[in-house]
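Architecture at a glance
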Amino acid sequence: MNKLTPFFISCVLVIGAAACQDTAKTTVTAPAPDEAPQAPTAQVTQEAQEDAQSETRRRQLNADIRAREERNNLTGGDAQRTEGDLASEVRSKLEANIPDGQLTVNAEEDGIVTVAGTVNNQEQLSKIEPLAKEIKGVTQVIVNATVAPPTS
């Protein structure tokens, strides 16, 4: 029994870690990175924009980003960034600055971030890469997002 206990505990940890490999999304309706992007409805876009553009929400997102950066600096900097933390921070940055986009963010161990989904215009599309690169630890940004104005 003493030899089986560590085995069972390690199995539970491996299964739990595998279950936590979800891609960060800016909205629940954002497509998975491997799905074809679909244009959001006008109502969905309006609701997301009102929520994300509120001053309270922007302050919350910016405070969250600052807190993560401070924590990262205290714990050793870029070398110890987790993929989930990097993806979440980029997602927050994009959500605060491109509120009506429906984007997914996926980060890799070496700081490569992939952004997929849809935005409403070319200006928003061109903002994705510079905004993502503002996050400490992002080495490269792959933009797989497309322009798809909201449908009525």
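Our structure is the block above this text.
A brief look at the structure comes next. (Residues numbered from 1 in each chain as written. Predicted model: local features only at pLDDT ≥ 70, side-chain atom pairs only at ≥ 80, totals over all residues. Heavy atoms only, no water.)

**A look at the overall build of the protein**
Helix and strand counts for the protein stand at five helices and four strands. Each helix (α) and strand (β) of the protein, taken in turn from the N terminus, gives the series α-β-α-α-α-β-β-α-β. Across the 152 residues of the protein, 37% fall into the buried class. For the protein, the proportion of contacts with a sequence separation of at least 24, taken over those separated by at least 6, is 70%. Here the protein displays about 9,100 Å² of accessible surface, and carbon together with sulfur accounts for 53% of that area. (Helix = DSSP H or I, 4+ residues; strand = E, 2+ residues; numbered from the N terminus. Buried < 20%, exposed > 50% of the residue type's maximum accessible area, 1.4 Å probe, protein only. Contact = heavy atoms within 4.5 Å. Areas by Shrake-Rupley, 256 points an atom, 1.4 Å probe, with all protein chains shown as cover.)

**Brief notes about helix α4 (residues 83–97)**
Compared with the 21 Å implied by 1.5 Å per residue over 15 residues, the 21 Å span of α4 between its first and last C-alpha is a close match. Of all 15 residues in α4, twelve are buried; the element is thus mostly enclosed. Every buried residue of α4 is accounted for by Asp85, Leu86, Ala87, Ser88, Glu89, Val90, Arg91, Ser92, Lys93, Leu94, Glu95 and Ala96. (Expected span 1.5 Å × (residues − 1).)

**Some thoughts on the packing of helix α3 (residues 55–74) against α4**
Where α3 contacts α4, the axes come no closer than 9 Å and their chain directions differ by 150°. It follows from the interaxial angle that α3 and α4 lie roughly antiparallel. Of the two possible hands of crossing, α3 and α4 adopt the one that is left-handed. Residues Arg57, Arg58, Leu61, Asp64, Ile65, Arg68, Glu69 and Arg71 of α3 form the contact with α4, whose participating residues are Asp85, Ser88, Glu89, Ser92, Lys93, Glu95, Ala96 and Asn97. Here the contact of α3 with α4 is built from residues that sort into three nonpolar, three polar and ten charged. (Axes fitted to C-alpha atoms, helices over the stretch in contact; angles between N-to-C directions. Parallel < 35°, antiparallel > 145°, perpendicular 65-115°, else oblique. Left-handed = near helix turned anticlockwise from the far one by under 90°. Nonpolar A, V, L, I, M, F, W, Y, C, P; charged D, E, K, R; others polar.)

**Observations regarding the packing of α4 against helix α5 (residues 122–133)**
Two elements in contact, α4 and α5, have axes separated by 9 Å at closest approach and are oriented at 135°. In terms of axis orientation, α4 runs oblique to α5. You can see that α4 and α5 cross each other, and the crossing is right-handed. For the pair α4 and α5, contact is made by Val90, Lys93, Leu94 and Asn97 and by Lys127, Ile128, Leu131 and Ala132, respectively.

**Concerning the pairing of strand β3 (residues 112–119)**
Counting buried residues along β3, eight of its eight residues qualify, which places the element largely inside the surrounding structure. Burial along β3 is two-sided: the residues Ile112, Thr114, Ala116 and Thr118 and Val113, Val115, Gly117 and Val119 are all buried. Here strand β2 (residues 102–107) runs beside β3; their pairing, made up of six bridges, is antiparallel. Residue pairing for β3: Ala107 is matched across the bridge by Val113. (Pairing = 2+ DSSP bridges.)

**Let's talk about the pattern of salt bridges**
Think of it this way: side chains of opposite charge can pair up when their charged atoms draw near. Taken as a whole and assessed by the stated rule, the structure comprises three salt bridges. Arg91 is the partner of Glu95 in a salt bridge, and the nearest nitrogen-oxygen pair spans 3.2 Å. Taken together, the residues span about one helical turn, with Glu95 and Arg91 both in helix α4 at a distance of four residues. As far as burial versus exposure is concerned, Glu95 and Arg91 are alike and both buried. The salt bridge involving Glu134 is made with Lys93; its shortest N-O contact spans 2.8 Å. Taken together, the residues Glu134 in the loop between α5 and β4 (140–147) and Lys93 in helix α4 connect sequence positions 41 residues apart. According to the relative accessible area criterion, Lys93 is buried, its value standing at 14%. (Salt bridge = Lys/Arg side-chain N within 4 Å of Asp/Glu carboxyl O.)

None of the figures reported here should be taken as evidence of function without further support.
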